[in-house]
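What follows is each chain in one-letter form.
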Amino acid sequence: MFYNTGISTYVWIVSNRKPKHRKGKVQLIDASGFFQKMRKSLGSKRKELSEEHIKDITRIFGACEEVTRDGVPISRIFKNEDFGYRTITVERPERDAQGNVVLGTKGKGKGKPVPDANLRDTENVPLSEDVEAYFRREVLPHAPDAWIDHERTKVGYEIPFNRHFYVFKPPRPLAEIDADLKVVTGRIVSMIEGLSQ
């Protein structure tokens, strides 16, 4: 889309005046397959959108519905919360040389396990999921002495575009890969033999 660059382009349409049917929703459109080759490259730029591509993208946006073509998702609709998560801080206790949990001696930490900064970790929990249920299922089986420091919890949002449009393509059959390797190996052996003569 931009002169002299081959980088991908994201177009954001943001509005606080959405029609009722769009409120609380996010529409993602993957138009990476919408292009025509340019007659003449502009540096790294070799593709462009035709008028028909622009009209198609505009129609998809206006319809505000999920679209799939040839098994490939083009447009997906999500709730705002689908992109939100809480980053929780998982603490584990510091231990002394004998392996005993070190307890705090002052302030609000008195009598409580002292967190070991070297064992501190974070987990991203989807907003749609209960933090405690996630913690019991994903953390405690691996670290039964862990706890959550709720004062450090933060809320964030991310749109992992590739994850939502990824389509699994199975690898080639093993026999086909094996045949290719035999051909390449044969060429390498021939080259080595040619060097030794």
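Each value, and the rule that gives it
Residues numbered from 1 in each chain as written. Predicted model: local features only at pLDDT ≥ 70, side-chain atom pairs only at ≥ 80, totals over all residues. Heavy atoms only, no water. Helix = DSSP H or I, 4+ residues; strand = E, 2+ residues; numbered from the N terminus. Buried < 20%, exposed > 50% of the residue type's maximum accessible area, 1.4 Å probe, protein only. Contact = heavy atoms within 4.5 Å. Lys, Arg positive; Asp, Glu negative; His and termini not counted. Charge placed at Lys NZ, Arg CZ, Asp CG, Glu CD. Pairing = 2+ DSSP bridges. Axes fitted to C-alpha atoms, helices over the stretch in contact; angles between N-to-C directions. Core = buried A, V, L, I, M, F, W, Y, C linked by side-chain atoms within 4.5 Å. Salt bridge = Lys/Arg side-chain N within 4 Å of Asp/Glu carboxyl O.

Requested: an account of the overall build of the protein chain, with residues and values cited.
From N to C terminus, the protein chain includes four helices and eight strands. Along the protein chain, helices and strands appear, N-terminal first, in the series β-β-β-α-β-β-β-β-α-β-α-α. Structurally, the protein chain occupies a C-alpha span of about 75 × 75 × 35 Å along its principal axes. Counting across all 197 residues of the protein chain, residues that qualify as buried make up 21%. At a minimum sequence separation of 6, the contacts of the protein chain that also span at least 24 residues come to 66%. Placing the 34 positive and 28 negative side-chain charges of the protein chain at their respective mean positions leaves the two points 7 Å apart.

Run through unusual backbone geometry, naming residues and quoting values.
Phi at Cys-64 takes a positive value of approximately 50°, unusual for a residue other than glycine. With respect to the secondary-structure elements, Cys-64 resides in the loop between helix 1 (51-63) and strand 4 (67-69). Positive phi values are uncommon outside glycine, yet Asp-70 reaches one of about 55°. Residue Asp-70 is classed as exposed on the basis of its relative accessible area, which comes to 82%.

Describe in detail the sheet that holds strand 5 (residues 72-79), supporting the description with residues and values.
What holds strands together in a sheet is hydrogen bonding between their backbones, with the strands either parallel or antiparallel. In spatial order, the strands read 1-5-4; together these three strands make up an open sheet with antiparallel pairing. Each edge of the open sheet carries a strand with a single partner, namely strand 1 (25-29) and strand 4. Strand-to-strand twist in this sheet, taken as the mean axis angle between neighbours without regard to direction, amounts to 15°. Seen against the sheet, helix 1 touches strand 1, strand 4 and strand 5 and runs at an angle of roughly 160° to strand 1.

How would you explain the nonpolar core if you had to name every residue and give the values?
Across soluble globular proteins, nonpolar side chains show a tendency to be buried alongside one another. In terms of nonpolar packing, the biggest core is built from ten residues, these being Ile-88, Val-90, Val-125, Val-131, Tyr-134, Phe-135, Val-139, Ala-143, Ala-146 and Ile-148. Those elements that provide at least two residues to this core are strand 6 (84-91) and helix 2 (131-138). Here the element with the most residues in this core is helix 2; it accounts for three residues. Of all hydrophobic cores here, the second largest spans five residues; its members include Leu-28, Phe-83, Phe-161 and Phe-165.

Describe the side chain of Asp-116, with residues and values.
Structurally, the position occupied by Asp-116 is in the loop between strand 6 and strand 7 (121-126). Of the buried charged residues, Asp-116 lacks a salt bridge, with Arg-120 as the closest side chain of opposite charge at 7.7 Å. Leaving out residues up to four positions away in the same chain, Asp-116 has contacts with Glu-91, Arg-92, Pro-93 and Glu-94.

All we've got here are geometric facts, nothing functional implied.
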